[in-house]
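The lines below spell out each chain.
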Amino acid sequence: MRFPKISRSLRQLTTHVLAIALGVLLMVSTLQVLPSQAEPAPRVTAGDTSKLAVQRQSPATAAIGSSSFVTAAVNRVGTAVVRIDTERTITRRVDQFSEDPFFRRFFGDGFSQQMPSEQQLRGLGSGFIIDKSGLVLTNAHVVDKADKVTVRLKDGRTFEGKVQGIDEVTDLAVVKINAGNDLPVAPLGSSSNVQVGDWAIAVGNPLGFDNTVTLGIISTLKRSSAQVGINDKRLDFIQTDAAINPGNSGGPLLNGQGEVIGINTAIRPDAMGIGFAIPIDKAKVIAAQLQRDGKVAHPYLGVQMLTLTPDLAKENNTDPNSPIQIPEINGVFVMRVVPNSPAASAGIRRGDVILQIDGKAITSAEQLQNFVEDSRLGQVLQVKVQRGNQTQQLSIRTAELQNAS
C-alpha cells in the first residue's frame, strides 16, 4: 500500500523540477534576446569614467555644460561690481505749535527736544568699475542728492566716492574713487547684439545681500520708459525676468559671456519676474559726456503727448461727454503745452495732432521723443500738425531741458 504513495510523491517532485527548469530556460532566453534589441552599452574601464558621467547627465545639465557658464561669466566681471552706500541729511521744519508757550505748558518743554530738526537717510545701490582709474557707473537715483557716497569693493576695501556727473533723464551717474590705477574693470559688451531669449545675468547687492547673482533671459527689447510708467525718463529699456530687487540698481546685467549689456535700473512693484535695464550702448555715450562735462544737455519741445490712432479718436468722438473732437488719424496728440516752452513759442496748441517732423511721418509718442532726443540744441524742426480740419506747418527751435523732474 505504500508504493502508490511513493509513486505519487515522485510524480509531484518531478513536475516541480520540470517547472523550475522551464522557468530558468525562459529567463536565459529572454536575457539573450533583450541586448540584441538595443544598442550595446559602452564598456567603461576603471580608468575611464568620463563616458559614464556623460551618460548620466540630465538634458538640462547637458545643455548648460559640466561647468556652468554663469560661474564663468560672474568670475569674469565679479570683482568689478561694487556696493554703493549713501548718506543724506534732510532738515525738517519744527512744528510751530511746539514753540507755542500754551502748547508747551500741556506737553512739557521736553516735547520739542524730542522732535529732531535733522534726519539721516541712508541708501544702498550697486555699480561697476568701467576704468582702472576708478570710474564707477551707476544709476542717478542711487547717488542723487547724497551728502556722502561710500564705494565698497568685493575684496572689502572701501573708498569715498565723488560724484562726477548725474543725468536724471537717463538715470545714469559716474562716481570717481581714488584707489590707484590697477582696479578690476568690467568688460563692456554691446546691447545692439542682444536678442530676445538670450541669457541675462544680474549682479548686485539686492536688499543689502552683497554679491548676489540671479539668472534669467532677455524678455523683450526697446521697452519705452512711457510703457514702463516712468514718464520723466527718455529710455528704451531691456526687459528681463532675472530677479532684480531694491539694491540691484546700478549693477550690471550680463550676457552669457560675462559682458555688460545693461545697467539694472527699475522694477515693477506690482509684478514679479519683470525688471528693466538701461542698454549699455546708451550708457557708454552718456558716461563719456558725464566724465567730460558733468552733465548731459537734452533738447526738448515742451509738450505732453499721447499716441493717437483712428480707433482711439473714434472712441473719444462717440463719447457724448467728450470736450473735444479729435481727427481720426494716426499721429501724436498734444495733451498739454508747457508754458514758455519752445512748443508754446512756436504756436503749438492743446488738441493739435503732430503728423510729421522734417518731412518724416510721426506715428507714436515714443518716435517723437526719440526724434527730439537725437536732434541738436537750437535746431529748428519743421513740424506739420493737424488742427481741426486744417493742416499747418510750424517751426520749433529746440531748447535745453533744465529739470527732468
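For the structure itself, consult the block above.
Described below are features of the structure shown in this document. Small disclaimer: the values here were computed from a predicted structure and weren't measured.

Considering the nonpolar core
Here is step 1 of the chain: The biggest cluster of nonpolar side chains holds 46 residues, and the ones touching the most others in it are Ile84, Phe128, Leu137, Val151, Ile201 and Ile263.
Here is step 2 of the chain: With sequence-adjacent residues up to four places away left out, isoleucine 84 is seen in contact with Gly123, Leu124, Gly125, Ser126, Gly127, Val136, Thr138, Val142, Val143, Val149, Thr150 and Val151.
Here is step 3 of the chain: With 17 residues, the next largest nonpolar core counts Val303, Val332, Ile357 and Leu368 among its residues.

Digging into the side chain of asparagine 317
Here is step 1 of the chain: Relative to the assigned elements, asparagine 317 resides in helix 10 (residues 310-317).
Here is step 2 of the chain: A relative accessible area of 17% places asparagine 317 in the buried class.
Here is step 3 of the chain: Of the polar contacts made by the side chain of asparagine 317, one reaches the side chain of asparagine 316; its length is 3.1 Å.
Here is step 4 of the chain: Setting aside anything within four residues of it in sequence, one finds asparagine 317 in contact with Ile324, Gln325, Ile326 and Glu328.

Focus on unusual backbone geometry
Here is step 1 of the chain: Phi angles above zero are rare outside glycine, and leucine 207 is one such case at about 55°.
Here is step 2 of the chain: Along the chain, leucine 207 falls in the loop between strand 7 (199-204) and strand 8 (212-224).
Here is step 3 of the chain: Residue classification places leucine 207 among the exposed residues on the basis of a relative accessible area of 56%.
Here is step 4 of the chain: In the Ramachandran plot, lysine 222 falls in the positive-phi region, its phi being about 55° despite a non-glycine side chain.
Here is step 5 of the chain: Relative to the assigned elements, lysine 222 resides in strand 8.
Here is step 6 of the chain: Residue lysine 222 is classed as exposed on the basis of its relative accessible area, which comes to 68%.

A look at the pattern of salt bridges
Here is step 1 of the chain: Within this structure, the stated rule accounts for 10 salt bridges.
Here is step 2 of the chain: With a shortest N-O distance of 3.1 Å, aspartate 85 and arginine 83 are connected by a salt bridge. Of the two residues, aspartate 85 and arginine 83, neither departs from the other in class, the shared state being buried.
Here is step 3 of the chain: Residue lysine 284 pairs with aspartate 281 through a salt bridge whose shortest N-O separation is 3.9 Å. On the criterion of helical spacing, the pair formed by lysine 284 and aspartate 281 is a turn pair, its members being 3 residues apart in helix 9 (residues 280-293).
Here is step 4 of the chain: Taken together, the shared-partner salt bridges connect Arg83, Asp85 and Asp210 into one network.

Looking at the sheet that holds strand 3 (residues 135-138)
Here is step 1 of the chain: Strand order in the closed barrel formed by 6 strands is 1-2-3-6-5-4, and the pairing between neighbours is antiparallel. Across the sheet, the mean angle from the axis of one strand to that of its neighbour is 40°, orientation sign disregarded.
Here is step 2 of the chain: Taken together, the 5 bridges between strand 1 (residues 81-91) and strand 4 (residues 148-152) define a ladder with antiparallel strand orientation. Within strand 4, the residue paired with aspartate 85 across the bridge is threonine 150.
Here is step 3 of the chain: Across the sheet, helix 9 lies against strand 2 (118-131), strand 3, strand 5 (158-167) and strand 6 (172-176), angled at about 50° from strand 6, the strand it touches most.

Examining the side chain of glutamine 379
Here is step 1 of the chain: Along the chain, glutamine 379 falls in the loop between helix 12 (365-373) and strand 18 (380-387).
Here is step 2 of the chain: There is a polar contact of 2.9 Å between the side chain of glutamine 379 and the backbone nitrogen of arginine 376.
Here is step 3 of the chain: In contact with glutamine 379, other than residues within four places in its own chain, are Asp358, Ile396, Arg397 and Thr398.

So, how was this worked out
- Residues numbered from 1 in each chain as written.
- Predicted model: local features only at pLDDT ≥ 70, side-chain atom pairs only at ≥ 80, totals over all residues.
- Heavy atoms only, no water.
- Core = buried A, V, L, I, M, F, W, Y, C linked by side-chain atoms within 4.5 Å.
- Buried < 20%, exposed > 50% of the residue type's maximum accessible area, 1.4 Å probe, protein only.
- Contact = heavy atoms within 4.5 Å.
- Helix = DSSP H or I, 4+ residues; strand = E, 2+ residues; numbered from the N terminus.
- Polar contact = N/O pair within 3.5 Å; in protein donor to acceptor, adjacent residues only side chain to side chain.
- Salt bridge = Lys/Arg side-chain N within 4 Å of Asp/Glu carboxyl O.
- Pairing = 2+ DSSP bridges.
- Axes fitted to C-alpha atoms, helices over the stretch in contact; angles between N-to-C directions.

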